[in-house]
Amino acid sequence: MDKDFTQLDAIIGQYRGRPGILIPLLQEAQQIQGYLSKDVMRHIARETGIAASDIYGVATFYSMFKLKPQGRHIIRICKGTACHVSDADSIKDALVSALKLKAGDDTTDDMNFTLMEVACLGCCSLAPVIMIDDTTYGKLSPEAIPAILERYAFVEEQ
Ligand code: FES
């Protein structure tokens, strides 16, 4: 967003003066760009009078809020107990390698994938498990990862 807050102002206008607005306001604001930039959070603070520190605190507390651009596909790798004892670490290593993620990065250079760790995907009997967008892949081996990722390959429009 190049400092054009028109869409954001319309959202803020819907919530102005109502109590307990911060979480739904941030959810709607995040839908504009797919994440909450510092500029967006500062603008919300200015327009609502909510302390910037409160906004930042909420945005960083809840995992549903993203503070930087996300890839087209979100890969969730389970690090829960059942997956951990089923060698989820080797699955993560295979993902990081196949995605060519640099140390500290969670999103590929082409913005096709974002990798994030989660506590449990709720299908422990399939450990080790990953989820790509809404699709679950279980009983994984590191060797299976490249073929799975290939299904989500980004093809630029000509
Ligand atoms: S521990 Fe991995 S799905 Fe539950």
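This section reports on the structure supplied with the text.

## Quick word on helix α1 (residues 6-15)
- Looking at α1, one finds that the buried residues are L8, I11, I12 and Y15. Looking straight down α1, one finds that the buried residues subtend no more than 100° of arc, so they occupy a single side.
- Buried residues belonging to α1 abut α2 (22-33) and α3 (38-48).
- Positive phi shows up at G17, right after α1, with a value of about 80°.

## Structural notes on the packing of α1 against α2
- Interhelical geometry of α1 versus α2 gives an angle of 160° and a closest axis separation of 10 Å. If you check the angle between α1 and α2, you find them roughly antiparallel. Considering how the two elements wind past one another, α1 and α2 form a crossing that is right-handed. Facing Q7, L8, I11, I12, Q14 and Y15 of α1, the residues of α2 in contact are P24, L25, E28, A29 and I32.
- Among the residues forming the contact of α1 with α2, the class breakdown is 8 nonpolar, 2 polar and 1 charged.

## Comments concerning α2
- In this model, α2 (12 residues) spans 18 Å end to end at C-alpha, consistent with the 16 Å of a helix rising 1.5 Å per residue.
- Regarding α2, the residues found buried are L22, L25, L26, A29 and Q30. Summarising the axial view, the buried residues of α2 lie within an arc of 135°, below the 170-degree limit, and thus occupy one face.
- If you follow the buried residues of α2, they end up packed against α1, α3 and α4 (52-61).
- Following α2 by one or two positions, G34 has its phi on the positive side, about 90°.

## What to know about the packing of aromatic side chains
- Under the defined criterion, the tally for this structure stands at 3 aromatic pairs.
- For the ring pair F61 and Y62, a centre distance of 4.9 Å and an interplane angle of 85° mean the geometry is edge-to-face.
- Members of the aromatic cluster, joined through ring pairs, are F61, Y62 and F65.

Procedures and definitions
Residues numbered from 1 in each chain as written. Predicted model: local features only at pLDDT ≥ 70, side-chain atom pairs only at ≥ 80, totals over all residues. Heavy atoms only, no water. Buried < 20%, exposed > 50% of the residue type's maximum accessible area, 1.4 Å probe, protein only. Helix = DSSP H or I, 4+ residues; strand = E, 2+ residues; numbered from the N terminus. Arc of directions from axis to C-beta. Contact = heavy atoms within 4.5 Å. Axes fitted to C-alpha atoms, helices over the stretch in contact; angles between N-to-C directions. Parallel < 35°, antiparallel > 145°, perpendicular 65-115°, else oblique. Left-handed = near helix turned anticlockwise from the far one by under 90°. Nonpolar A, V, L, I, M, F, W, Y, C, P; charged D, E, K, R; others polar. Expected span 1.5 Å × (residues − 1). Phe/Tyr/Trp six-rings, centres within 6.5 Å; stacked < 30°, edge-to-face > 60°.

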